[in-house]
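Residues per chain are reported as follows:
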Amino acid sequence: MTEASPDDPHAPTVCLDVGSGWTKAVLVLPDGTPAGFAEHPTTPDVLTGVDAAVAAAAAAAGRGRRRGPRVLACSSAGGALRLSVVGSETLTATEAGHRVCRSAGARVVGVHPGPLEPDAVLELSSRRPGAVLLLGGADGADPAVLLHNAGRLARTRGHWPVLLSVDDVARTDALGLLLAGGRAVTTCPNVTPRPGRIVAGPARDAVAALYARHVLGTGTGRFGALVHVGTHAAVGDGAGVLARLTGTGVLVVDVGSATTDVHRSGPGPGPAAATVEGDLGVRDGAVGVLTEAQTEGIVDPVEADLLGPAVAALQESRATVPADRGAAAEDRRLAAIAAVVALRRHLRHTGVLADPAHPGTGPDAPVDAGEIGLVVLTGGVFRQRDAAGLAAAARTVRHDAVLAPLLARAEVRVDSESVLAPAGLLAAHGREVAAGGLLAEHLTG
């Protein structure tokens, strides 16, 4: 079994990343040299895949019969947070849900307007939401539909929490109904305070907090004792080490099966920035990648038709590897597109780029992007040995019409050895030397 053995800075370490599709393990020596790698499809019980990947990584380095190495683990096994939206009107609820999910790790899986009747409740439950966003309409609106829906949700089976976003007047009664039914509730200011006005920020922050707990996956028993941090946090720590190592601003894009994360770190002590796109991924999120790429004008109708069958197959395939060079090329193309969309969203969300779709909805003042000297593409999809194909993925990002002005002086590299998350895990556990050595060998040389 895989246990968190006592820490010894002079012993090898297995850095474990439990994804929604694949579980990856890297055995790292104290100087940062990777000595073994293994991956295994993430299994329904999680621990079977974890044990197999750790054992295989140790065996690859000839350490299979020795005492088990220290295991440092992160997880994104939960995938994107599935959010159902309950509101009074379809268009407003749809747009509100879309804006609340954006860059917060969530994906809208259902919108339910008007009073919830039994058939609507069954449909909501069938979507397997991880949370429900309950809207109450504009400030001062008649609360009858809201209170009806709060009562229905309170009586509905399911362990999902409710994010209650209503005005102050209606909040007390709606909250009372939900709590009386035993429902976990998070409250936030009204997303739709006036007709035609959506204020997504506070609700988005609440969704991001829910996602941070959800993404760990099953958090009990041995797995809960082993994993305490999300993969997005580990990659963010790795980005920070890389920025200090290179002395420049770093953008890291982590393309996963279900989500795509972006991290921006500088070499100094200033705050880092991170976003998680819950509708972009190369398996569960493949449809979202193609849809958003067309919306952003990255993919034209001809290419969209060509990629359509592959996207449909990928969404159903989950933990599979490309069967041939053509499938591998489609994987890389989708990953590069996901990276471009995620980077654009990240830079808009943080105020570096203007958002043409929602002017005036970003931060109060633009955020200084700093000197971006390095962009890194990471994620299991980039663990390919096709140098020309990986270079093409990097060029897709480097020469994107929207990103190119910001990346004029930046180098784009591909983390084909999947070292960023392990480096972040090592750094977070006081092994900065090993983390720096790992990155120096594979990303800064």
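Rules of the game
- Residue positions are given per chain, counted from 1 along the sequence in the order it is written.
- With the structure being a predicted model, the display of local features is reserved for residues of pLDDT at least 70 and the display and counting of side-chain atom pairs for 80 or more, all residues being used for whole-chain, interface and lining totals.
- Only heavy atoms go into the side-chain values, all of them from the structure, while hydrogens and water stay out.
- In this description a helix means any DSSP run of H or I spanning at least four residues, a strand means any run of E spanning at least two, and both kinds are numbered starting from the N terminus.
- The atom set for the radius of gyration is the C-alpha atoms, and the globule formula is 2.2 Å times the number of residues raised to the power 0.38.
- The buried label applies to any residue whose accessible area, calculated with a 1.4 Å probe on protein chains only, is under 20% of its type's maximum; exposed applies above 50%, and partly exposed to all values in between.
- Here the open area of atoms and residues is found with the Shrake-Rupley method and a 1.4 Å probe, where only the protein chains shown may cover a residue.
- Salt bridge, as used here: a side-chain nitrogen of Lys or Arg that lies within 4 Å of a carboxyl oxygen of Asp or Glu.
- DSSP-based pairing: two strands are paired if at least 2 bridges between them are found.
- To define axes, lines are fitted to C-alpha atoms, for helices over the stretch in contact only, and angles between the resulting N-to-C directions are given on a 0 to 180 degree scale.
- Here, two residues are considered to be in contact whenever any of their heavy atoms come within 4.5 Å of each other.
- Stacked, tilted and edge-to-face pairs are distinguished by plane angle, under 30 degrees for stacked and over 60 for edge-to-face with tilted covering the rest, among Phe, Tyr and Trp rings (Trp via its six-membered ring) whose centres lie within 6.5 Å.
- Over a ring means this: the NZ of a Lys or the CZ of an Arg is within 6 Å of the ring centre and within 35 degrees of the ring normal.
- Convention used here: angles under 35 degrees read as roughly parallel, angles over 145 as roughly antiparallel, angles from 65 to 115 as roughly perpendicular, and any remaining angle as oblique.
- Handedness of a crossing is defined here by the sense of rotation of the near helix relative to the far one, left-handed for an anticlockwise turn of less than a right angle and right-handed for a clockwise turn.
- Nonpolar residues are Ala, Val, Leu, Ile, Met, Phe, Trp, Tyr, Cys and Pro. Charged residues are Asp, Glu, Lys and Arg, and all others, Gly as well, are polar.
- For this analysis, a nonpolar core means a set of buried residues of the types Ala, Val, Leu, Ile, Met, Phe, Trp, Tyr and Cys, connected via side-chain atoms within 4.5 Å.
- Note that a disulfide, as used here, is simply two cysteine sulfur atoms within 2.5 Å.

Undergrad: Quick question: what am I supposed to make of the overall build of the protein here?
TA: Secondary structure assignment for the protein yields 14 helices and 15 strands. For the protein, the C-alpha radius of gyration of 22 Å lies close to 22 Å, the compact-globule estimate for 445 residues. A principal-axis box enclosing the C-alpha atoms of the protein has dimensions of 65 × 50 × 45 Å. By the burial criterion, 53% of the 445 residues in the protein qualify as buried. Summed over its atoms, the accessible surface of the protein is roughly 18,700 Å², and 55% of this surface lies on carbon and sulfur atoms.

Undergrad: Even after reading the chapter, I still don't get the pattern of salt bridges, so can you show me in this structure?
TA: Side chains that differ in charge, positive against negative, can pair when their charged atoms come close. Applying the stated criterion to the full structure yields 19 salt bridges. A salt bridge links D331 to R283, with the nearest nitrogen and oxygen atoms 3.1 Å apart. Taken together, the positions of D331 in helix α11 (residues 325-349) and R283 in the loop between β13 (273-277) and α9 (286-295) put the pair 48 residues apart, joining distant regions of the chain. For the pair D331 and R283, one class covers both residues: buried. Sharing partners across several salt bridges, the network here consists of R102, E277, D279, E292 and R345.

Undergrad: What's the story with the sheet that holds strand β11 (residues 249-255) in this structure? I'm lost.
TA: Sheet strands associate in pairs through backbone hydrogen bonding, adopting either a parallel or an antiparallel arrangement. Read across the sheet, 5 strands follow the order β13-β12-β11-β14-β15 without closing on themselves; strand pairing throughout is mixed. Of all the strands in the sheet, just β13 and β15 (411-414) have a single pairing partner and so form its edges. Direction aside, the axes of adjacent strands within the sheet are offset by 15 degrees on average. As paired strands, strand β14 (residues 372-378) and β15 are joined by 4 bridges and run parallel to one another. Bridge pairing in β15 places L377 opposite V414.

Undergrad: Looking at this structure, how should I read the pairing of β11?
TA: Of all 7 residues that make up β11, 7 are buried, and the element is covered over most of its length. Side-chain alternation along β11 places G249, L251, V253 and V255 on one buried face and V250, V252 and D254 on a second face that is also buried. Across 6 bridges, β11 lies against strand β12 (residues 260-265) in antiparallel orientation. If you follow D254 over to β12, its bridge partner there is D261. Between β11 and β12, which pair antiparallel in sequence order, lie 4 residues.

Undergrad: Mind showing me how you'd approach the sheet that holds strand β3 (residues 34-41) here?
TA: A sheet is described by the order of its strands in space; here 5 strands give the open sequence β3-β2-β1-β4-β10, paired in mixed fashion. Each edge of the sheet is formed by a strand with only one pairing partner; in this case those strands are β3 and β10 (227-230). Strand-to-strand twist across the sheet, computed as the mean angle between neighbouring axes with direction ignored, equals 25 degrees. In the packing of helix α13 (residues 420-428) onto the sheet, the strands contacted are β1 (13-18), β2 (22-28), β4 (70-75) and β10, and the crossing angle to β1 comes to about 120 degrees.

Undergrad: Mind showing me how you'd approach the packing of aromatic side chains here?
TA: By convention here, two paired aromatic rings are described through the distance between centres and the angle between planes. What the rule picks out here adds up to 0 aromatic pairs. Positioned over the ring face of W160 is R183, at 3.7 Å from the centre of the ring. The side chain of R383 reaches across the aromatic face of F37, ending 3.5 Å from its centre.

Undergrad: How do you make sense of the packing of α9 against α11 when you look at a structure like this?
TA: Two quantities define a packed helix pair, namely the angle between the helix axes and the distance between the axes. Two numbers describe how α9 lies on α11: the axes approach to 9 Å, and their chain directions differ by 60 degrees. Here α9 lies oblique to α11, going by the angle between them. Crossing angle aside, the handedness with which α9 passes α11 is left-handed. Residue-level contacts link V289, E292 and A293 of α9 to L334, I337, A338, V341 and R345 of α11. Of the residues assigned to the contact of α9 with α11, the class counts are 6 nonpolar, no polar and 2 charged.

Undergrad: What is the right way to read the environment of A234 from this model?
TA: Residue placement: A234 occurs in helix α8 (residues 231-246). On the basis of relative accessible area, A234 is assigned to the buried category, the value being 1%. Put simply, A234 and A428 are 194 residues apart on the chain and 7.9 Å apart in space, counted from C-alpha to C-alpha. When residues no more than four places from it in sequence are discounted, the contact partners of A234 are C74, V229, L420, A421, G424 and L425.

Undergrad: What is the right way to read the nonpolar core from this model?
TA: As a rule of thumb, nonpolar side chains are buried together in soluble globular proteins. Counting residues in hydrophobic clusters, the biggest one holds 43 residues, and the most contacted among them are V255, V375, L377, F382, V397 and L407. No other element matches the 11 residues that α11 contributes to this core.

Undergrad: Please clarify how the state of the cysteines should be interpreted in this entry.
TA: In protein chemistry, a disulfide is the covalent bond that joins the sulfur atoms of two cysteines. Evaluation of the coordinates by the stated rule reveals 0 disulfides. Its sulfur unpaired, C101 is 12 Å from the next cysteine sulfur, which belongs to C188. Residue classification places C101 among the buried positions, given a relative accessible area of 5%.

Undergrad: Would you explain unusual backbone geometry in this entry?
TA: In terms of backbone geometry, most residues other than glycine have negative phi values and most peptide bonds are trans. Positive phi values are uncommon outside glycine, yet V46 reaches one of about 65 degrees. The residue V46 is located in the loop between β3 and α1 (47-60) in this model. By relative accessible area, V46 is classed as buried at 7%. Backbone geometry places R128, a non-glycine residue, at a positive phi of 50 degrees. Among the secondary structure elements, R128 is positioned in the loop between α3 (118-126) and β7 (131-135).

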